[in-house]
Amino acid sequence: MNWLAGFFGDAAHWSGPDGIPARLLEHLEFSAAAFLIAALIAVPLGMLIGHTGRGALLVVIAANAARALPTLGLLVLVVLLAGVGTVLPVLIPLVVLAIPPILVNTYEGVRGVDADLRDAAYGMGLRGRQVLLQTLTPVALPLILLGLRLAAVQVVSTATVAAFVGLGGLGRFIIDGLATKTYADVIGGAVLVAALALAVQFAFLLLDRVAVSPGVRQIR
């Protein structure tokens, strides 16, 4: 507790380019960019494959393979290939980390919609794209949001690796603290990352309450 009080009570930690607000903004920038790229790739792909049934085995294999990749190892590999000085070495591992939960949950959500509901939509005269967007997606939305939430929390928690390649973010407190044996900074940085991950999770829970229709929520 004394370490936490010393970290958060230090005025130097609340101003300047190395202060908590600046590092938090950097962390959010890395995380948001990686999350948005992953969502733009995985959500449409998961919806398409879940709707058509084509490529399902490929999705499962690719998702499991991506989960097995070590984020730090991939970061080092990208740094060796692309060098440092840009956010690319950080974005690539984070995007790879975020795609599997989004892709799998979106695919499972769309695929798992009751076949009778799908047939009824076609029977009403809706076409393939209309069935997907107007019927299947609203029902699959809880699972899609779950995948997005899991990915967002993982990205926020793992974005601390940016500090390994000299970039900013909350990981700087942890890496620099370990280097200088300033353990108050290490603990303070870890607490900030954990608090941010919890805040992201809470935000998605609120989004679930707002975006998912009451009828769909009752049948979950």
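Residues numbered from 1 in each chain as written. Predicted model: local features only at pLDDT ≥ 70, side-chain atom pairs only at ≥ 80, totals over all residues. Heavy atoms only, no water.

The name recorded for the protein in an unreviewed UniProt entry is Glycine/betaine ABC transporter permease, from Microbispora bryophytorum. Regarding the protein, the relevant UniProt record gives this comment under Sequence similarities (unreviewed entry): "Belongs to the binding-protein-dependent transport system permease family." (UniProt positions renumbered as here; feature names shortened; annotations may be inferred.)

**Q** Lay out the nonpolar core with the relevant residues and their values.
**A** Generally speaking, a soluble globular protein has its nonpolar side chains buried in company with each other. Ranked by size, the top nonpolar core spans 50 residues in total, and within it F35, V90, I102 and L148 carry the most contacts. Contributing elements (two or more residues each) for this core: α2 (20–52), α3 (56–68), α5 (88–111), α7 (128–158) and α9 (183–211). When residues in this core are grouped by element, the largest group, 12 residues, is from α7. Those residues in contact with V90 that sit more than four places away from it in its chain are L75, A162, V165 and L167. (Core = buried A, V, L, I, M, F, W, Y, C linked by side-chain atoms within 4.5 Å. Buried < 20%, exposed > 50% of the residue type's maximum accessible area, 1.4 Å probe, protein only. Helix = DSSP H or I, 4+ residues; strand = E, 2+ residues; numbered from the N terminus. Contact = heavy atoms within 4.5 Å.)

**Q** Account for the UniProt feature "transmembrane region" (unreviewed entry) in the protein, naming residues and giving values.
**A** The sites that UniProt annotates as "transmembrane region" (unreviewed entry) are residues 30–49, 131–150, 156–175 and 187–207. In residues 30–49, the share of helix is 100% and the share of strand is 0%. The end C-alpha atoms are 29 Å apart. A distance of 16 Å separates the end C-alpha atoms of residues 156–175, which is 40% helix and 0% strand.

**Q** An account of α5 is needed here, citing residue identities and associated values.
**A** Count 3.6 residues to each turn of an α-helix, and residues three or four apart come out pointing the same way. An ideal rise of 1.5 Å per residue puts 34 Å on 24 residues; α5 measures up with 34 Å between its terminal C-alpha atoms. Largest kink in α5: about 25°, centred on I99, with the proline P100 one to four residues after it. (Expected span 1.5 Å × (residues − 1). Bend = angle between axes of the 7 residues up to and from the residue.)

**Q** Run through the confidence of the model for the protein, naming residues and quoting values.
**A** Averaged over every residue, the pLDDT of the protein is 82; residues scoring 70 or more account for 85%. Here helix α10 (residues 214–218) stands out as the least confident element of the protein, with mean pLDDT 65; α2 is the most confident, with 92. (pLDDT = per-residue confidence, 0-100.)

**Q** Report on the packing of aromatic side chains, specifying residues and quantitative values.
**A** Here the structure, examined in full by the defined rule, presents one aromatic pair. Considering the side-chain rings of F35 and F204, the 6.0 Å spacing of their centres and the 75° angle between planes classify their relative orientation as edge-to-face. Of this pair, F35 sits in helix α2 while F204 is found in helix α9, placing the two residues 169 residues apart along the sequence. Across this residue pair, the class does not change: F35 and F204 are buried. (Phe/Tyr/Trp six-rings, centres within 6.5 Å; stacked < 30°, edge-to-face > 60°.)

**Q** Could you give me a rundown of helix α8 (residues 171–180), with the residues and numbers involved?
**A** Of all the residues in α8, the buried ones are G171, R172, F173, I174 and G177. The positive-phi residue at the C-terminal boundary of α8 is K181, with phi of around 60°.

**Q** Break down the packing of α2 against α5 for me, citing the residues and quoting the values.
**A** Where α2 contacts α5, the axes come no closer than 7 Å and their chain directions differ by 30°. As far as their axial angle goes, α5 and α2 are roughly parallel. Taken as a pair, α2 and α5 cross one another with a handedness that is right-handed. For the contact of α2 with α5, a count of residues per class yields 22 nonpolar, four polar and one charged. (Axes fitted to C-alpha atoms, helices over the stretch in contact; angles between N-to-C directions. Parallel < 35°, antiparallel > 145°, perpendicular 65-115°, else oblique. Left-handed = near helix turned anticlockwise from the far one by under 90°. Nonpolar A, V, L, I, M, F, W, Y, C, P; charged D, E, K, R; others polar.)

**Q** Summarise the pattern of salt bridges; cite the residues concerned and give the values.
**A** Applying the stated criterion across every chain yields a total of four salt bridges. In this structure, D18 and R23 form a salt bridge, with 2.6 Å as the shortest nitrogen-oxygen distance. R111 is the partner of E108 in a salt bridge, and the nearest nitrogen-oxygen pair spans 2.9 Å. Highlighted residues: E108 and R111, both in helix α5, separated by three residues, approximately one helical turn. Using a relative accessible area of 30% as the deciding quantity, one classes E108 as partly exposed. Here the salt bridges do not stand alone but share partners, grouping D18, R23 and E26 into one network. (Salt bridge = Lys/Arg side-chain N within 4 Å of Asp/Glu carboxyl O.)

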